[in-house]
Amino acid sequence: MDRKMEDLSLSKSYEPCRVEKKWYAFWKKQGFFHADEQKNSNPYSMVIPPPNVTGSLHMGHALNSTLQDILIRYKRMDGENTLWLPGTDHAGIATQYVVEKELGRQKKTRRSLGREKFIERIWQWKKEHGDIILGQLKRLGASCDWSRERFTMDEGLSTAVREVFVRLYEEGLIYRGDYIINWCPRCHTALSDLEVDYKESRGYFYYIHYRLTKGKKTIVVATTRPETMLGDTAVAVRPGDKRYSDLVGKEVVLPLTDRVIPIIADNYVDESFGTGALKITPAHDFNDFEVGARHNLPIIKVIDESGKMNENAGRYKGLDRFSCREKIVEDLKAQKLLKKVERYNHNIGYCYRCNDVIEPTLSKQWFIKTAPLAKPAIDAVKEGRTRIIPAVWEKTYFEWMENIRDWCISRQIWWGHQIPAWYCKKCGEITVAKVEPKACQACGGNELKQETDVLDTWFSSALWPFSTMGWPEKTKELETFYPTSVLITGFDILFFWVARMMMMGLKFMGDVPFRDVYIHALIRDAKGQKMSKSLGNVIDPLVMIEKYGTDAFRFTLAALAGQGRDIRLSEEVISGYRNFVNKIWNVSRFVFLNLTDYKGEIKTIHYNQYSLADKWILSRANRLIKTVRTALEDYRFNEAANFIYQFVWHEFCDWYVEFSKENLANTESVQRSATQQVLIEVLDIVLRILHPFMPFITEEIWQKLPGNSESIMISSFPKENNIFFNRDAEEKLEKIKEVIYHIRNIRGEMHIPPPQKVEVVLFCDNDKTRQLLEAYKQYLFQLASIKNLKYATSKTKPKVAATAIVKDIEIYIPLEGVIDFGAEEKRLGKEIAKVEKELSFIQKKLSNEDFLNKAPKKIVEKENQRNQALLEKQKKLKRSILRIKKMRDAS
RNA sequence: GGGCGGAUAGCUCAGUUGGGAGAGCGCCGGCCUUACAAGCCGGAUGUCGUAGGUUCAAGCCCUAUUCCGCCUACCA
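Residues numbered from 1 in each chain as written. Chains lettered and ligands numbered in written order. Predicted model: local features only at pLDDT ≥ 70, side-chain atom pairs only at ≥ 80, totals over all residues. Heavy atoms only, no water.

Another aspect to go through is the overall build of chain A. In terms of regular secondary structure, chain A is built from 28 helices and 29 strands. For chain A, the C-alpha radius of gyration of 37 Å lies well beyond 29 Å, the compact-globule estimate for 891 residues. Seen through its C-alpha atoms, chain A measures out along the principal axes to roughly 120 × 65 × 55 Å. When burial is assessed residue by residue, chain A has 55% of its 891 residues classed as buried. Considering only contacts in chain A between residues 6 or more positions apart, those separated by 24 or more positions represent 77%. (Helix = DSSP H or I, 4+ residues; strand = E, 2+ residues; numbered from the N terminus. Rg over C-alpha atoms; globule rule 2.2 N^0.38 Å. Buried < 20%, exposed > 50% of the residue type's maximum accessible area, 1.4 Å probe, protein only. Contact = heavy atoms within 4.5 Å.)

Here's what the structure looks like:
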């Protein structure tokens, strides 16, 4: 490829913003995000957990999407046929709430607008604001196939919803009935069990006398909610409770009313709790409802849809449930029926959306019978057809699935999929159908009215993995991309969503919706608190992107995304990884600065002509490739990121680049050409392996790297090449590094400033090692800042010198006149202490008969060798320190 | 009430079949060495929550226990 010279340089600093916009637009224009359902190669697919259409990007989305993008970019580069399908969720209650609030500002209500107009209004709102979050995902670099963007209220998805509803209804898996459900008096809708948050709350325990119809005796019941007594239809005690056994079957007069209710016996009652006598309000308590059903008790609803007392509450009618409580307590007091009041803390359910206190209420609702659907979903995970990663979550999944309760799917709001059921005005029968029926199924009457309730939002999200691909049509997309390869999500929606997708996928596609489910952590603030607007500790991903660049931000998330632990995020960490981005930019600048004479004909250089450093870094790079691939396959994002970080910074930059300077110095030499070649090669590997994590900067640099074509995004992910693994080169170079390190260590401890070059004398009676040192002495000169290198014989070792031992090499830095004997003595003393501590540890082992007999030979051998080496080192160090002491005494 | 997870350097955490305690940040000292001061070189720091047990050998396995967090249930 023909490139101009000026292309081979990078500006002094990296400008994330400009670069990010440029490349995202480029990728989109080139169609790199597009998935091809006709392709035959290995499919790899994911559906995005659809964010609420009202939402804006928070840290949870950012983490979730970053991890997905890392996988999809990795797999795309690795040659798989990738699909990442994006979209949004209509979020019934949340969206309706937002639009109602907007209406409120114009002094309108949804009722004044009417259902049809109101829904139009929401669609309008969706058109204007609905893709904010998708735009934010683009800023994050998400490589979704935007041509397949879906919305849960789209026509196609709505068709799927109706299809599923009708089929489940016909199979008897959907039913309608009067049951007690969680009711939110503020949102005016039923909620599923999962949509209720229980929080410990302060309250009181009221002890109330219920007078028997005959005689003067009373039975005392204890309750936290006296206002519900107006709906009591019995008092229950434990069967066999001696205190009350003669009362069972008798009747009491319900205080403040003239109703007479029976005393019954039921096992549900705990005789040790409260007074052992329990008031039963079947219309406003889940357990009471069941007790009532067992005893055929009447059900009296006393609280209405807004949380106010209704006509059954007699003179309390119209009071809010909480004011009613106060009033009732007052009235009971007045009648001396209140025995006592105790402080009592207990859990109260709150609406997850508006935080109002949930009112359990008897109501006519639609339900899904979940048990028959849950069974196959449990089996699929047990049999490993879907893996949950990390596996600890499997247990949670089973726990919930095995105790699953029927799912209340009807909601009394307007925004959502209206339930496809029609009531006949004539006979009252229900007709359920995919399209609006002309006549009643039962009587043929033609006056039909559609159910006004809509479906729970999660009903449509449960179908997401296949409804988005065109189901119920038999599409090519489904054939190619279903089941999806993996679902990436947080554990907070394991039940809400994952479990329900499993049930629906198995039921309607006959196969699991995803092979793997990867559950990632929750992001918290630096103190470990959940991020929330009210705490004011929210870190806005977009602000971070603005400030530090998308790549730094993404890399941070990946580096922190360990399995099974929450992530504590602080701006400090992000800025730390921004430095890493900067490092990559600068090392690339270094490479480009040294390619001005690079002509691209270097391919002819044979591996044997590479220097030790070249062979070393290529071997290390190939090891990196292997570990990163394994880590990514296992969803160990943090390991992958940290391995890359370690390699790039501490092997490539700290060492190889420094070695390379020496080889580059010989213009027109083979070494220079070879080094250029290796710099390009390794930088190319680094960029490609980093691309899934840092899509933008890698593209920016890669585009300028000689020999590269269209885009890094569609280049190949590095594969390890066995011919580059070279253990011998790695060991040799490690030795050189160690010698340099020890010289630097002495310099540092002796406070010799870098510009001051020192003389070094080496003693080594191993010929091979000496040859190695001689061959690479230039590295010592350069990296250890020395001016002169000599080899000593056992007789000519310098006497006044700082000493270090590296395996079979003794290093001396003669510092006559400069040396600080005290400092050197201290340094050697420290070194000896370290060696001796290790020695005592090893020798304890080696003197243990059991160890010698029972431990594997390999381990014993290894310990023996270590022991020998340490003894040798100890001997040499001791000799040195003795010499130093002598010198000090003499001086 | 039931279940799960965590406790490792000053801080945040890694540590994958049990066999020489690690990283990043922070801290201390020295350096503007022509890719990078958002940098370079060197240094210090740990009874791996506590108590037992298994084993030749335990941060890792078992038992008990304390503290912290989460999920789930909803005894009125």
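The rest of the description comes next.
To continue, consider the pattern of salt bridges. Opposite charge on two side chains allows them to pair when their charged atoms are near. The tally for this structure, following the rule as stated, stands at 67 salt bridges. Among the ionic pairs, Arg148 bridges to Asp145, the shortest N-O distance being 2.7 Å. One network of salt bridges, with partners in common, ties together Arg225, Glu227, Arg321, Arg325, Asp356 and Glu359. (Salt bridge = Lys/Arg side-chain N within 4 Å of Asp/Glu carboxyl O.)

Next up on the list: the sheet that holds strand 19 (residues 430-432). Ordered in space as 19-18-20, the three strands form an open sheet in which the pairing is antiparallel. Strands at the two margins of the open sheet, each flanked by one partner only, are strand 19 and strand 20 (448-450). Sheet twist, expressed as the average angle between the axes of neighbouring strands with direction ignored, equals 30 degrees. Examined bridge by bridge, strand 18 (residues 421-424) and strand 20 share three bridges and lie antiparallel to one another. Pairing of Cys424 across the sheet is with Leu448, part of strand 20. Relative to strand 19, helix 7 (residues 155-170) is tilted by about 130 degrees, and along the sheet it contacts strand 18, strand 19 and strand 20. (Pairing = 2+ DSSP bridges. Axes fitted to C-alpha atoms, helices over the stretch in contact; angles between N-to-C directions.)

What follows covers the protein's contact with RNA strand B. Lining the immediate surroundings of RNA strand B are 59 residues, of which Phe273, Asn287, Arg578, Lys854 and Pro856 lie closest. Within 4 Å of the protein, the contacting atoms of RNA strand B are 61% sugar and phosphate, with bases supplying the remainder. At 2.9 Å from a phosphate oxygen of RNA strand B is found a side-chain nitrogen or oxygen belonging to Tyr344. In this structure, Arg405 approaches RNA strand B through a side-chain N or O atom, which is 2.7 Å from a phosphate oxygen. Listing elements by their share of the surface near RNA strand B, those giving two or more residues are strand 7 (196-212), strand 13 (338-351), helix 18 (571-593), helix 20 (637-665), helix 23 (727-749), helix 26 (821-846), helix 27 (849-854) and helix 28 (857-890). In terms of residue count, helix 18 provides more of the surface near RNA strand B than any other element does, ten residues in total. Class assignment for the residues of the surface near RNA strand B results in 22 nonpolar, 14 polar and 23 charged. (Near = heavy atom within 4 Å. Polar contact = N/O pair within 3.5 Å; in protein donor to acceptor, adjacent residues only side chain to side chain. Nonpolar A, V, L, I, M, F, W, Y, C, P; charged D, E, K, R; others polar.)

Quick look at the sheet that holds strand 5 (residues 174-184) now. One open sheet holds the four strands; their spatial order is 6-5-14-16, and the pairing between them is antiparallel. The open sheet terminates on both sides in strands that have one partner only, identified here as strand 6 (189-191) and strand 16 (407-408). In the sheet, strand 5 pairs with strand 6 via three bridges, with the strands oriented antiparallel. Of the residues in strand 6, the one forming a bridge with Asn182 is Leu191.

Counting all residues, the mean pLDDT for chain A is 90, and 98% of those residues have values of 70 or more. When pLDDT is averaged over each element of chain A, helix 13 (residues 464-467) comes out on top at 97 and strand 24 (residues 523-524) at the bottom at 82. This model gives residues 1-7 a pLDDT under 50, and the stretch forms nine contacts once residues within four places in sequence are excluded. Both scores are available for the predicted complex, with the pTM at 0.91 and the ipTM at 0.95. (pLDDT = per-residue confidence, 0-100.)

Looking now at the packing of helix 7 against helix 15 (residues 494-509). Direction vectors running N to C along helix 7 and helix 15 enclose 80 degrees, while the axes themselves pass 12 Å from each other. One element, helix 7, and the other, helix 15, form an angle in the roughly perpendicular class. Contacts between helix 7 and helix 15 involve Val164, Arg167 and Leu168 from the former and Met504, Lys507 and Phe508 from the latter. Tallied by class, the residues present in the contact of helix 7 with helix 15 amount to four nonpolar, no polar and two charged. (Parallel < 35°, antiparallel > 145°, perpendicular 65-115°, else oblique.)

Another aspect to go through is helix 5 (residues 115-129). With 15 residues, helix 5 should cover 21 Å at 1.5 Å per step; its first-to-last C-alpha distance of 21 Å lies within 8% of that length. Burial in helix 5 covers these residues: Arg115, Phe118, Ile122, Trp125 and Lys126. Down the axis of helix 5, the smallest arc covering the buried residues is 100 degrees, so these residues share one side. Counted as exposed and oriented over 90 degrees from the buried face of helix 5: Glu116, Lys117 and Lys127. In the core, the buried residues of helix 5 are packed alongside helix 3 (92-105), helix 4 (110-113), strand 4 (150-151) and strand 21 (454-455). (Expected span 1.5 Å × (residues − 1). Arc of directions from axis to C-beta.)

What follows is about the side chain of Asp331. Along the polypeptide, Asp331 turns up in helix 9 (residues 321-334). Its relative accessible area of 12% is what places Asp331 among the buried residues. Of the polar contacts made by the side chain of Asp331, one reaches the side chain of Tyr316; its length is 2.5 Å. Non-local contacts of Asp331, meaning those with residues more than four positions away in its chain, are made with Leu256, Arg315 and Tyr316.

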